[in-house]
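The lines below spell out each chain.
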Amino acid sequence: PDDVVYDLGSGVGKVVMQIYLNTPVRKVIGFELSVSRNNSALQVLNSFKNALYASRYKYTNNKERELAFYNQDILKADISDATIIYMCSTCFAPELLEKLVVRFEEIGRKGLKIITLKELPDYQAHGFKLERTYSLPMSWSKNNATSSVFVYTYTGEKTEPENIATKDVA
C-alpha cells in the first residue's frame with residue numbers, strides 16, 4: 001500500500017492496469033511517448049472508471065490510490081517518489097538505458113526496485129545490485145520461449161564489476 005510504481009514506456013497501459021487491479025499499491029503511473037498508444041491507455045482508463053461508476057464502486061477522488069497515464073518523455077517525467085520502476089525495455093537503445101540508470105541513481109532511495117527486460121548498463125557503478133533474473137514467457141513468446149526479466153535494488157553502494165581477465169591468478 002505504500003508503493004509508488006512507474007511504468008516507463010507504458011504502451012497501451014496493460015501493465016499499469018494489471019498492477020492497479022491486482023495489488024494495493026498507492027500509486028501507479030504510466031508514461032508513454034507515443035500519442036496513439038497513450039490515447040489507447042486513456043480510453044481503457046475511462047472505460048474502467050465508467051464501469052466502476054455504473055457498478056456503484058468508488059473510484060473518483062480516491063485519495064488513497066492513484067492511477068494515471070501521461071504522454072511524456074520518460075527522461076523528463078517526475079519519478080522522484082518511485083519505489084518500483086518497471087520497463088519493458090526490449091526496444092530501448094543502450095544510450096537511453098545509460099541515461100535512465102543515471103536518473104534512477106539520482107533518486108537515491110535505498111530499496112528502489114527496477115524491473116526491466118534488458119540489463120542495466122554499469123548498474124554496480126550506479127549503486128544497484130542485481131537481485132534476481134527470471135526467465136518468463138511473454139505475450140510475444142512462441143513455442144514455450146521465454147525472456148529474461150532483471151530485478152535490481154538500489155543500495156547506494158557503488159562497486160566496479162570484476163574483470164576476470166585482469167584478475168591476478170595464483
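Everything numeric in this text was worked out from a predicted model, so none of it was measured.

A. The arrangement of the sheet that holds strand E2 (residues 27-32) in detail. Spatially, E3-E2-E1-E4-E5-E7-E6 is the arrangement adopted by the seven strands of the open sheet, whose pairing is mixed. Two strands close off the open sheet at either side, each with one partner strand: strand E3 (66-71) and strand E6 (128-136). Averaged over all pairs of adjacent strands, the angle between strand axes in this sheet comes to 15°, irrespective of strand direction. When strand E5 (residues 113-116) meets strand E7 (residues 147-154), the two strands line up antiparallel, connected through four bridges. Its bridge partner lying in E7, Thr-116 is registered against Phe-150. Strands strand E1 (4-8), E2, E3 and strand E4 (84-87) of the sheet are contacted by helix H1 (residues 14-22), whose axis makes an angle of about 170° with E3. Contacts between helix H3 (residues 94-107) and the sheet are confined to E1, E4, E5, E6 and E7, with E4 contributing the most and set at about 170° to the helix.

B. Representation of the environment of Ala-82. On the secondary structure map, Ala-82 appears in the loop between E3 and E4. Its relative accessible area of 0% is what places Ala-82 among the buried residues. Non-local contacts of Ala-82, meaning those with residues more than four positions away in its chain, are made with Val-4, Tyr-6, Arg-109 and Leu-112.

C. Representation of the pairing of E2 within the structure. Among the six residues that make up E2, six are buried, leaving the element largely enclosed by the rest of the structure. On E2, burial covers both faces: Lys-27, Ile-29 and Phe-31 on one face and Val-28, Gly-30 and Glu-32 on the other are all buried. Bridging between E1 and E2 involves five bridges; their strand directions are parallel. If you follow Leu-8 over to E2, its bridge partner there is Phe-31. Each parallel crossover has a hand, and for E1 linked through H1 to E2 it is right-handed. Pairing between E2 and E3: six bridges, direction parallel. Along E3, the bridge assignment pairs Lys-27 with Glu-66.

D. Structural context of the pattern of salt bridges. Scanning the entire structure with this criterion turns up three salt bridges. The salt bridge partner of Glu-32 is Arg-37, with a shortest N-O separation of 3.3 Å. Glu-32 sits in the buried class, given a relative accessible area of 5%. Here Arg-37 falls in the partly exposed class, since its relative accessible area comes to 42%.

E. Just H1, in detail. Every buried residue of H1 is listed here: Val-16, Met-17, Ile-19 and Tyr-20. The buried residues of H1 occupy an angular sector of 160° when projected down its axis, which confines them to one face. Those residues of H1 that are exposed and angled more than 90 degrees off the buried face are Lys-14, Leu-21 and Asn-22.

F. Structural view of the packing of aromatic side chains. All told, the structure shown has five aromatic pairs when counted by the stated rule. A cation over an aromatic ring shows up here: Arg-65 above the ring of Tyr-20, its NZ or CZ 3.9 Å from the ring centre.

Reading the values: the criteria
- Residues numbered from 1 in each chain as written.
- Predicted model: local features only at pLDDT ≥ 70, side-chain atom pairs only at ≥ 80, totals over all residues.
- Heavy atoms only, no water.
- Pairing = 2+ DSSP bridges.
- Helix = DSSP H or I, 4+ residues; strand = E, 2+ residues; numbered from the N terminus.
- Axes fitted to C-alpha atoms, helices over the stretch in contact; angles between N-to-C directions.
- Contact = heavy atoms within 4.5 Å.
- Buried < 20%, exposed > 50% of the residue type's maximum accessible area, 1.4 Å probe, protein only.
- Right-handed = clockwise from strand over helix to strand, strands pointing away.
- Salt bridge = Lys/Arg side-chain N within 4 Å of Asp/Glu carboxyl O.
- Arc of directions from axis to C-beta.
- Phe/Tyr/Trp six-rings, centres within 6.5 Å; stacked < 30°, edge-to-face > 60°.
- Lys NZ or Arg CZ within 6 Å of the ring centre and 35° of its normal.

So, to be careful, I would describe these as geometric facts and stop short of saying anything about function.
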